[in-house]
Amino acid sequence: MKIAEVFLNQTNKRIDHAYDYRVPVHLESVTQEGIRVVVQFGIGNRRVEAFITKIKETTDYSGKIKEIIENIDMEPVLNREQIELCLWMKTVYCSLFYEALSYFTMAVQIKQEIDYYRNYEKLDLDLKQNWFIEHYFDNANEVLPLKKVKPEDRIILAELIKKKAVYSKKSWKKISDPESRKKSIQSSYHLTAMGREALKQDKKFGKKQCELMEYLLRSDMKGEDLKIITAQYKKSLEPLIKKGYVCVNKTASQEQPLNLSAAGYEHQSVILTHNEQRSYNQYQALTKQTSGVFFHVFDAVSKYRLFFKAIEDQLKANRSSVVIFPEINMTFQRMEMFYKYFGNKVGVFHGQLSPKQRTELYLRIRSGEIKVIIGVRSAVFLPYVNLGLIIIDDEHDSSHNSISMPQFHITDIAKKASEIMGAFYIIADNIPRVATWYRIEKKELAVIQIGEEPRFRHAIEIIDMQKEMHQGNMGILSRTLLRYLQSGIEQKRMSVLFINNLGYANSILCRKCGHVEKCPHCGVSLKYLNHDHSLLCHYCGYKKAVPVLCSECGSDKVRHMGYGIDQLEEYLKKVFSGVRIATVQGNMKRSDIKKINKSIASGEFDILIGTQVINKHFNLSNISVAAAVLIDRDLNQGNYQASENVYQMYSRFFAKAMDNKTKGVIQTNEPENDTIYSIKNESFLEFYRSEIHYRQLMHYPPTVKMISLSVFHKKESEAENDSVRLYVSIKEELKAFGMGQAVYKPVRIGVTRGGNITYQIVIKTAKQSVFQNLMSKIIRLGIIEALKSKVSIQIN
DNA sequence: AGCACGCCGACT
DNA sequence: GTCGGCGTGCTC
């Protein structure tokens, strides 16, 4: 008799453990580890989706064992190594099994469907209920899918289920079956010559029609894109198509082969320079001794060549490789290179793939046809055959952190995955994370320097804005910076201003008593809106006029605090008349980025103002002055990683924007800050030493493990109560380990965008195993489940 | 006694 | 989540 160990697709942490089910004889041939099945669960024997993690001959469970009802998959969706990794993630991140599993099944998703059947016994039903039966269950239809029930009739359906006149049955279907290739047609719209002429002549069009045509004038658009103008774009567009002003091009979009660009490429072999070869020899030696290495990158070109060489060697040994980039939409040029070297063995995995494309890629990886994958963090969970190498590029990038449960950092997953699969991992970055360098210092991770560290130092000045203010300059920019900008404008060389704050101003504060206007409901500082001179709460929408006098001390010295991009732009236009300014911020379209880059190259701007997006997508050269306008706000983010973020962000900015002729400026109210000094000195090691000292002192990661439990509830009192309850339980349990002081009292964090009050409990410990014991006990006792609030766990 | 309701705990 | 058990308390 075969027994299957399964985990159920359900959301209760307390019962999220392995259950034994008997494999019925007729399913023995298809039932294996790694497939999804349907089982009966609970007193009502309801049908529940489950995942088989293990097949065994006997069971330790003394109670009655039920049978598996049916299988959903024909073949395993996870291999043995992936199951192990998934189970490890569940324990380490205290997540549900199915939360961890969801990362592995992204390319082979199934969806639940509910069908209803009627009970033919006679029951007393009211008029409406009888009507429902008559209407939906005519004699031909025994099965009623939920989809067919109109939303307004679902209340009646619920009544019928309660009366047991109707019962439901769940089933699961594959979302994308690559076997059933339906051609999906995508329309793109094009403004005809006639349309262009008509637009020029200012013929009479509707308001929306004009907007649509203006939009199409720039380039052809898909229906999706036009939705930005109006959701009902078709209504306005249809008459235009009829008159011949706009034409439609229909293409079968999904039918494109996955790796189109691979066509026509011959496999090239990688040729290294002398220095690269030396680094590669070091790497090869390390692959025999350890399981991972950090590439400290000073030369990006060499880095890529080493990646290619390493992948090439993996292919020679018939092993697969995966390269993880922070985001894929900006890496098309890089992909080109991969195709050049590895042709049709390359696959690209990212969020914009359709379900069908994902499944196709998944199957081709599983079959071993694709051996080189470039992708975003979730690509690490694909079913590789014989994985030999995991590469993580730009490791500092925050996109490598997952935001949904379980919250992991890709490096931790790569480390464990390589351990399970016998692969090697490379972490590459030009400025390392503090956590990574800590491992290097502790000799847990080897390091290889790629390229030469540049010897010259840029000239970066720190300017004390307090002093500036005392000397009578109340403006946003210091006199030094203004002078530099002026000379840049005269020399027709562009300047770049880095400001990490959108909008006009952050909030307003009283210069006399320091009082900041806050939201009476949420306690967060109110954001200043320029257009109607009011204050707005980000979270609850509370709005009020800016007070003339300080509501605390009555002084009239109420001022803006924190300048935003908009205010800086306004200010610059006032100071330099006729100045040509470009602003870049937030999520920009690829086309917009291209356009701005083109304008920059042709010298159309005097000053570029931007947030951290400057670091990513813009080409800067021959810059007159590169300045950090407002560094303090970033330094005072209020989390322990603030300094690290600031160091990463601003070092990258100066490294990117400056050459040896560029002047660098950092404006600050805190000129003695160590982080600012390290940015000025461009010394990572200097920064690292002071930062690690601080973290050791304060017991922050990476010197200790830090576990944060966030408690969310819509009601303030519930969130507070629950967080205290959880805190007390954790403290009690920790006392058993003699570690009662490792947990800190709940702290009110604030309000989430969804309006949930958040409290946070922090546990700091040197030993993560203690935490895992603790959590499994807390979960067994059902303490979290007993709370009304939602709890999420982050581990650093 | 009969029931309605809400809480609790088990679920292989 | 979802079901039944069980205790409480209300009504007849």
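What you see is a predicted model; the values in this text were computed from it and never measured.

What counts, and at which threshold
- Residues numbered from 1 in each chain as written.
- Chains lettered and ligands numbered in written order.
- Predicted model: local features only at pLDDT ≥ 70, side-chain atom pairs only at ≥ 80, totals over all residues.
- Heavy atoms only, no water.
- Salt bridge = Lys/Arg side-chain N within 4 Å of Asp/Glu carboxyl O.
- Helix = DSSP H or I, 4+ residues; strand = E, 2+ residues; numbered from the N terminus.
- Buried < 20%, exposed > 50% of the residue type's maximum accessible area, 1.4 Å probe, protein only.
- Pairing = 2+ DSSP bridges.
- Axes fitted to C-alpha atoms, helices over the stretch in contact; angles between N-to-C directions.
- 1 Å grid on protein atoms, 1.4 Å probe; cavity = no way out; pocket = protein on both sides within 12 Å on 5 of 7 lines; lining within 4 Å.
- Points joined across faces, edges and corners; volume = space filled by probe spheres on them.
- Core = buried A, V, L, I, M, F, W, Y, C linked by side-chain atoms within 4.5 Å.
- Contact = heavy atoms within 4.5 Å.
- Near = heavy atom within 4 Å.
- Polar contact = N/O pair within 3.5 Å; in protein donor to acceptor, adjacent residues only side chain to side chain.

Visitor: Give a detailed account of the pattern of salt bridges, specifying residues and quantitative values.
Guide: On inspection of all chains with the given rule, the structure shows 33 salt bridges. Of the charged contacts in the structure, one is a salt bridge between K573 and E569, with a shortest N-O distance of 3.2 Å. With K573 and E569 both in helix 17 (residues 565-575), this residue pair falls 4 residues apart, about one helical turn. Its relative accessible area of 46% is what places K573 among the partly exposed residues. In this structure, R695 and E644 form a salt bridge, with 2.8 Å as the shortest nitrogen-oxygen distance. Highlighted residues: R695 in helix 23 (residues 684-698) and E644 in helix 21 (residues 642-657), separated in sequence by 51 residues.

Visitor: If you had to explain the sheet that holds strand 20 (residues 495-498) to someone new, which residues and values would you point to?
Guide: Spatial ordering of the open sheet is given by 19-29-28-20-27-26, a layout of 6 strands whose pairing is parallel. Taken across any chain shown, the strands that pair with only one partner, and hence form the sheet edges, are strand 19 (459-464) and strand 26 (581-584). Ignoring strand direction, the axes of neighbouring strands in this sheet form an average angle of 20 degrees.

Visitor: Account for empty space enclosed by the protein, naming residues and giving values.
Guide: Applying the stated criterion across every chain yields a total of 2 cavities of 30 Å³ or more. Approximately 40 Å³ is the volume found for the largest cavity. Lining the largest cavity are I508, L509, C510, H515, E517, P547, C550 and V558. The element that contributes the greatest number of residues to the lining of the largest cavity is strand 21 (residues 505-510), accounting for 3 residues.

Visitor: Lay out the nonpolar core in plain terms, naming residues and giving numbers.
Guide: M89, F654, L709, L726 and I763 are the most contacted members of the largest nonpolar core, which has 115 residues in total. Ranked by the residues each element gives to this core, the list is headed by helix 21, at 7 residues. Not counting residues within four places of it along the chain, the set of residues in contact with M89 comprises C94, S95, A100, Y103, F104, F381, P406, F408 and I413. Listed in part, the 35 residues of the second largest apolar core include L272, Y280, F338 and I448.

Visitor: Outline the protein's contact with DNA strand B, listing residues and values.
Guide: Taken together, N12, I15, Y19, D20, Y21, F41, G42, Y61, K64, I65 and K66 make up all the residues around DNA strand B. A breakdown of the atoms of DNA strand B within 4 Å of the protein gives sugar and phosphate a share of 43%. Interatomic distance of 2.7 Å between a backbone N/O atom of D20 and a base oxygen of DNA strand B. With respect to DNA strand B, the side chain of K66 contributes an N or O atom lying 2.4 Å from a phosphate oxygen. In terms of residue count, the dominant contributor to the surface near DNA strand B is strand 2 (residues 19-22) (3 residues).

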